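# An overview of the molecular structure
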There are 2 protein chains.
Amino acid sequence: MAEEVSNKQVVLKNYVSGFPKESDMEIKKSSIKLKLPEGSSEAVLVKNLYLSCDPYMRNRMSKMEGSYVESFIPGSPIVGYGVARVLDSTHSNFNKGDLLWGFTGWEEYSIITATQGLIKIQHTDVPLSYYTGILGMPGMTAYAGFFEVCSPKKGERVFISAASGAVGQLVGQFAKLFGCYVVGSAGSKEKIDLLKNKFGFDEAFNYKEEQDLDAALKRYFPEGIDIYFENVGGKMLDAVLLNMRLHGRIAVCGMISQYNLDQNEGVHNLFCLITKRIRMEGFLVFDYYHLYPKFLEVILPQIKEGKVVYVEDIAEGLENAPSALIGLFSGRNTGKQLVVVAPE
Amino acid sequence: MAEEVSNKQVVLKNYVSGFPKESDMEIKKSSIKLKLPEGSSEAVLVKNLYLSCDPYMRNRMSKMEGSYVESFIPGSPIVGYGVARVLDSTHSNFNKGDLLWGFTGWEEYSIITATQGLIKIQHTDVPLSYYTGILGMPGMTAYAGFFEVCSPKKGERVFISAASGAVGQLVGQFAKLFGCYVVGSAGSKEKIDLLKNKFGFDEAFNYKEEQDLDAALKRYFPEGIDIYFENVGGKMLDAVLLNMRLHGRIAVCGMISQYNLDQNEGVHNLFCLITKRIRMEGFLVFDYYHLYPKFLEVILPQIKEGKVVYVEDIAEGLENAPSALIGLFSGRNTGKQLVVVAPE
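The notes below deal with the structure included here. (Residues numbered from 1 in each chain as written. Chains lettered and ligands numbered in written order. Predicted model: local features only at pLDDT ≥ 70, side-chain atom pairs only at ≥ 80, totals over all residues. Heavy atoms only, no water.)

## Focus on the overall build of chain A
- Summing up its helical and strand segments, chain A has nine helices and 15 strands in all.
- Relative to the 2.2 N^0.38 estimate, which gives 20 Å for 344 residues, the radius of gyration of chain A is 21 Å and therefore close to what a compact globule would have.
- Projecting the C-alpha coordinates of chain A onto the three principal axes gives extents of approximately 70 × 45 × 35 Å.
- By residue count, 60% of the 344 residues in chain A fall in the buried class.
- Counting only contacts in chain A whose residues sit at least 6 apart along the sequence, the fraction spanning at least 24 positions is 69%.
- Approximately 13900 Å² of chain A is accessible, and the part contributed by carbon and sulfur atoms is 48%.
- For chain A, the separation between the mean place of its 36 positive charges and that of its 40 negative charges on side chains is 3 Å. (Helix = DSSP H or I, 4+ residues; strand = E, 2+ residues; numbered from the N terminus. Rg over C-alpha atoms; globule rule 2.2 N^0.38 Å. Buried < 20%, exposed > 50% of the residue type's maximum accessible area, 1.4 Å probe, protein only. Contact = heavy atoms within 4.5 Å. Areas by Shrake-Rupley, 256 points an atom, 1.4 Å probe, with all protein chains shown as cover. Lys, Arg positive; Asp, Glu negative; His and termini not counted. Charge placed at Lys NZ, Arg CZ, Asp CG, Glu CD.)

## A few points about the interface of chain A and chain B
- Between chain A and chain B, the residue contacts involve 30 residues of the former and 30 residues of the latter.
- Between chain A and chain B, roughly 2500 Å² of surface is buried when both sides are summed, and carbon and sulfur atoms account for 64% of that area.
- On the chain A side of the contact with chain B, His268(A), Phe271(A) and Ile274(A) bury the most area, a combined 24% of that side's loss.
- Connecting chain A to chain B are two salt bridges.
- The interface formed by chain A and chain B holds 10 residue pairs in polar contact (both at pLDDT 80 or more) in total.
- Counting residues per element, the ones that place at least two in the side of chain A that touches chain B are β12 (244–252), α7 (272–275) and β13 (279–282) of chain A.
- Per element, the largest residue contribution to the side of chain A that touches chain B is four residues, and it comes from β13(A).
- When the residues that make up the side of chain A that touches chain B are grouped by side-chain class, the tally is 16 nonpolar, nine polar and five charged.
- Of the strand pairs in this sheet, β13(A) and strand β13 (residues 279–282) of chain B are connected by three bridges, and their pairing is antiparallel. Residue pairing across strands places Arg279(A) opposite Glu281(B), the latter belonging to β13(B). (Buried area = accessible area lost by both parts, 1.4 Å probe. Salt bridge = Lys/Arg side-chain N within 4 Å of Asp/Glu carboxyl O. Polar contact = N/O pair within 3.5 Å; in protein donor to acceptor, adjacent residues only side chain to side chain. Nonpolar A, V, L, I, M, F, W, Y, C, P; charged D, E, K, R; others polar. Pairing = 2+ DSSP bridges.)

## Topic: helix α2 (residues 137–149) of chain A
Residue and element names in this part refer to chain A.
- Within α2, 11 of the 13 residues are buried, which leaves the element mostly enclosed by the surrounding structure.
- Turning to α2, its buried residues are Met-137, Pro-138, Gly-139, Met-140, Thr-141, Ala-142, Tyr-143, Ala-144, Gly-145, Phe-146 and Val-149.
- Downstream of α2 by a residue or two, Ser-151 has a phi angle that is positive, lying close to 45°.

## Focus on the packing of α2(A) against helix α8 (residues 292–304) of chain A
Residues and elements named next belong to chain A.
- Packing of α2 against α8 leaves a shortest axis separation of 11 Å and a crossing angle of 95°. Classified by the angle their axes make, α2 and α8 are roughly perpendicular. Each of Gly-139, Met-140 and Tyr-143 in α2 lies in contact with α8, whose residues at this interface are Tyr-292, Lys-294, Phe-295 and Val-298.
- Grouping the amino acids of the contact of α2 with α8 by side-chain chemistry returns five nonpolar, one polar and one charged. (Axes fitted to C-alpha atoms, helices over the stretch in contact; angles between N-to-C directions. Parallel < 35°, antiparallel > 145°, perpendicular 65-115°, else oblique.)

## Examining the relation of the copies chain A and chain B
- Least-squares fitting of chain A to chain B yields an RMSD of 0.0 Å, with the superposition described by an axial translation of 0.0 Å and a rotation of 180°. Taken together, the turn and the small shift mark the pair as related by a two-fold rotation axis. It is Gly266(A) whose C-alpha, among those of chain A, lies nearest the rotation axis, at 1.9 Å.
- Comparing interface residues between copies, 100% of those in chain A also lie at the interface in chain B; the contact surface is shared. (Least-squares fit on C-alpha atoms with pLDDT ≥ 70 in both.)

## A short note on the packing of aromatic side chains
All names here are of chain A.
- For the structure on display, the rule yields 46 aromatic pairs over all chains.
- Each ring, one from Phe-147 and one from Phe-174, has its centre 6.0 Å from the other, and the planes form 40°; the classification is tilted. Residue Phe-147 is located in helix α2, and its partner Phe-174 is located in helix α3 (residues 168–178); the two are separated by 27 residues in the primary sequence.
- Note on Phe-147: relative accessible area 28%, which makes it partly exposed.
- The exposure class assigned to Phe-174 is buried, which follows from its relative accessible area of 4%.
- Ring centres 5.7 Å apart and planes at 85° place the aromatic pair Tyr-181 and Phe-221 in the edge-to-face group. Residue Tyr-181 is found in strand β9 (residues 181–186), and its partner Phe-221 is found in the loop between α5 (213–220) and β11 (225–230); the two are separated by 40 residues along the sequence.
- Of the residues examined, Tyr-181 reaches a relative accessible area of 28% and is grouped as partly exposed.
- Residue Phe-221 is classed as buried on the basis of its relative accessible area, which comes to 2%. (Phe/Tyr/Trp six-rings, centres within 6.5 Å; stacked < 30°, edge-to-face > 60°.)

## Examining the sheet that holds strand β12 (residues 244–252) of chain B
- An order of β10(A)-β9(A)-β8(A)-β11(A)-β12(A)-β13(A)-β13(B)-β12(B)-β11(B)-β8(B)-β9(B)-β10(B) is seen for the 12 strands of this open sheet, with the pairing classed as mixed. Edge positions in the sheet fall to β10 (203–206) of chain A together with β10 (203–206) of chain B, since each of these pairs with one other strand and no more. Each strand of the sheet is rotated relative to its neighbour by a mean of 15°, with strand direction disregarded.
- Taken together, the four bridges between β12(B) and β13(B) define a ladder with parallel strand orientation. Counterpart to Val252(B) in the pairing with β13(B) is Gly282(B).
- Taken strand by strand, helix α4 (residues 189–198) of chain A contacts β9 and β10 of chain A, and its axis lies near 175° from that of β10(A).

## Considering the side chain of Thr275(A)
- Here Thr275(A) is to be found in helix α7.
- Look at Thr275(A) and you get buried, because its relative accessible area is 12%.
- Each residue touching Thr275(A), except ones within four places of it in the same chain, is listed here: Leu246(A), Tyr68(B) and Leu284(B).

As structure tokens, this is what we get:
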């Protein structure tokens with residue numbers, strides 16, 4: 001007989017409109033047998049170790065049809081990227097004891113049947129939590145977004161919003177290593193310090209302290225911006241458009257300032273796309289996972305040699321997961337926000 | 001002694017804000033000697049035959065600094081594309097009697113010293129007025145915009161706004177010849193009839209008769225839009241963003257709906273750029289004139305074989321030029337708007 005254990009879960013109570021609250025989620029106690037049911041095929045039973053809090057998850061908290069991601073199911077555990085240990089497997093790629101990262105449930109133990117996105121972790125001489133960040137979806141997003149979408153050239157002027165976040169901190173470091181001039185914006189003194197002193201950005205500014213974003217950008221980019229890595233949308237995008245250089249590129253990765261609004265803010269300066277011949281391109285990391293092996297080859301040595309660093313903001317325990325997730329939307333986290341469910 | 005003749009001119013009185021009016025311009029009588037002054041070098045004296053009315057000229061009627069085009073000079077003749085006959089030349093590329101097209105003055109005779117953009121007309125077995133349209137800047141814009149910016153694939157679904165205009169009518173015909181499904185929008189029954197019956201668009205609709213642009217687009221593109229050739233901006237762009245397909249492309253050629261507004265309308269649906277991985281790219285024809293000889297090789301036979309047709313809206317005489325120019329912004333013209341100054 002398989003052992004039956006308690007299984008704490010973070011459940012979405014109802015679809016959310018506007019700003020999400022901790023009370024939109026609840027901690028539910030359930031139980032689970034630590035063995036896959038008879039007849040399971042191509043499934044894994046995992047113990048969740050680390051869960052990733054990512055801005056795109058806000059969209060899954062609302063009822064949406066035909067979107068690029070599926071809505072969460074009220075009453076069921078939230079789903080997100082995580083790092084987990086395989087306890088039982090009927091999938092030929094995974095054996096008991098393996099570590100993996102990919103979509104799992106916000107709970108202590110999960111049975112994963114949608115296994116196609118799961119990736120076996122082969123390198124464990126780095127912190128395992130990195131597979132929610134620098135070695136996971138955000139890392140791949142930064143790499144593909146910067147190198148594949150931005151078409152950077154050495155010496156170009158790069159601006160990154162939400163620059164200390166899970167993706168932004170890496171884009172800035174990649175751009176510096178590549179030989180660009182790099183400026184980031186973020187929302188606290190602590191974050192600005194990180195950008196300048198830890199991640200090596202040339203300059204950084206606190207957008208909350210700027211009356212006039214256009215003027216702030218002109219201060220740091222007197223000759224304009226070649227590449228904008230867009231994480232926030234809204235007013236910042238409008239100010240950036242005014243400051244782009246001829247033939248500039250805008251990689252649209254996220255628009256976190258808009259996710260909790262009933263209607264998105266209007267962007268008024270799109271005519272600049274014409275006069276400056278700007279390419280503005282949205283992308284999703286899903287289209288670039290074929291580059292993951294190549295990415296690991298590049299990034300693992302860079303981590304080990306200290307050429308790239310990564311700052312995490314770690315919440316302890318599933319009970320603190322709702323608050324950690326919601327904190328993303330007020331910018332409470334400093335660095336990549338994740339939750340430790342069970343440290344190994 | 002050179003003959004001195006009268007030289008009617010269309011002069012901008014003052015910089016314009018808001019919607020331009022005929023009274024922002026005036027007809028001025030001047031005189032000119034039909035010989036270049038002694039010591040002129042690299043200049044041509046021309047008799048203007050046809051003048052082009054183009055939407056981008058609205059921007060030149062306002063005072064702007066550091067823009068992609070220079071503002072007109074109040075008190076001086078308006079400058080724009082035109083077709084002209086050379087009366088005198090000190091430029092090695094042009095001889096007396098040559099025909100050319102490029103930037104000239106809105107007047108009967110012009111001395112052109114900024115000759116670098118002038119192109120000698122070699123093919124006169126087509127209407128000369130075509131060099132203000134299909135064989136001039138708008139034609140080159142349509143060609144470069146569609147083939148170079150839109151990256152079209154056979155069978156793709158193409159939407160064009162301001163589709164019966166100088167550029168739109170050509171983009172639609174190029175897309176049809178290329179094997180695309182093509183729908184256009186315009187602002188009158190007459191224009192819709194042209195789109196469907198003369199230019200061979202698959203479908204067309206009058207945007208002024210649509211309560212809900214999103215619904216209209218869904219009617220003609222139940223599976224979404226692969227390519228949007230953007231000429232208008234504002235609400236139409238917002239509706240199109242909702243209806244783009246994955247990996248769609250938006251070539252931003254113009255935003256005529258916005259040119260007379262004090263502040264541009266806000267565009268709210270840019271998040272679609274991410275979820276649908278859309279590339280939105282502004283362009284200016286100036287970057288593509290190196291393709292002009294190749295373009296002529298393609299388009300001249302197509303015109304002669306009747307594979308591509310072109311509809312012009314011709315105003316007679318310089319006196320009617322201000323009204324013709326302003327008519328663009330209320331959509332009064334049907335087809336390419338131009339002015340005959342002196343028919344040859």
